[in-house]
Amino acid sequence: MSEAVKGIVALVVAATVWGLSSLYYAQLRHLPPLEVLCYRSLWSLLFFGVILTWQGRLGQLRGALGTPRKFGVIFLAASLIGANWFGFIFAIKFGYAVEASMGYYIFPLFVVMLGRFVLGESLSNWQWGAVALAAFAVLILAVGLGVPPWIALGLAFTFGGYGLVKKQLDLGPVLSVTAEVLTLAPFALTYLFLFGTPDKDWGTQILLALSGPLTASPLIFFAYGTRRVRLSTVGILQYVNPTLQFVVATTVFLEPFTIWHGIAFPMIWVALVLYSVAAIRQDRASRRAVSSAAVSSTTVT
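We now turn to the structure provided with this report.

About the thresholds
Residues numbered from 1 in each chain as written. Predicted model: local features only at pLDDT ≥ 70, side-chain atom pairs only at ≥ 80, totals over all residues. Heavy atoms only, no water. Phe/Tyr/Trp six-rings, centres within 6.5 Å; stacked < 30°, edge-to-face > 60°. Helix = DSSP H or I, 4+ residues; strand = E, 2+ residues; numbered from the N terminus. Buried < 20%, exposed > 50% of the residue type's maximum accessible area, 1.4 Å probe, protein only. Lys NZ or Arg CZ within 6 Å of the ring centre and 35° of its normal.

### Brief notes about the packing of aromatic side chains
Any two aromatic rings considered together are summarised by their centre-to-centre distance and by the angle between their planes. Scanning the entire structure with this criterion turns up 20 aromatic pairs. Here F86 and F90 contribute two aromatic rings whose centre-to-centre distance is 6.0 Å and whose plane-to-plane angle is 40 degrees, an arrangement assigned as tilted. Of the two residues, F86 and F90 are both situated in helix α4 (residues 68-93); the distance of four residues between them amounts to about one turn of the helix. Under the relative-accessibility criterion, F86 is labelled partly exposed at 30%. Taking the relative accessible area as the measure of exposure, F90 reaches 29% and is therefore partly exposed. Measuring from centroid to centroid gives 5.8 Å for F110 and F157, while their planes differ by 70 degrees, and the two rings are edge-to-face. Residue F110 is located in helix α5 (residues 97-117), and its partner F157 is located in helix α7 (residues 150-166); the two are separated by 47 residues in the primary sequence. A relative accessible area of 26% means that F110 is categorised as partly exposed. Residue placement shows R29 over the ring face of F253; its charged tip is 4.7 Å from the ring centre.

Read these as layout, nothing more, since geometry by itself doesn't imply function.
What follows is the structure, given as structure tokens:
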């Protein structure tokens, strides 16, 4: 396979693991979501620690947390991803998997708005249209159900904020996530010591332990894939994740899908089409600009 095809396969694997992870966490519904989060953080720390040790990079953790600024950025990123993980586990336990899938559908559009208002990036008319349509869909759902989709908005906000904070980190994905779960570890250990559920059966213990590899493996595939394909392709393939979540929520968990969901979700899907078209157009324009600059430089030389 070519490098691009390998990258696409890796991205599809990562998105599939993320999209089907609701089936996994559904097996832990008998535990409090915060307890599941604590075990997920600790087992992820152990798994990532093994990877870094095997790579001979465990000592780099000290540098990643070596200054107050670096520690502050890592701690903020850890808080956001921890809140995101908790929100997803909470949604699966209490029957909000459909809403969770919506959160990951609108996440790319939320990132666009962060880029506009936090980083000062400009938006095309297509992107403004996509954001406006998605916002209208969320409004319709809030009015129809009588309450805003807080879980969806929370997941989009925490994951989008996490991505924004990660831009401030000059670290690879494995090293940065290891540093993040390391900062969460004291809180996780304290919670489990004070409030943890005793006498878990072996099946539950194994499921909790496997949450470490389940967290780490798609991240590694994602990092591998993003280095080999265009950014627009990465963005489009990410929709595999919420689509699988949506399918599982409606066909396996049999969660209710009201007429308001039936109106809001197609609007969000259309918004994502607009967003994807804009991303592809920007990617092509950027590559043409780079190609033209290269040709001009060769001509001058």
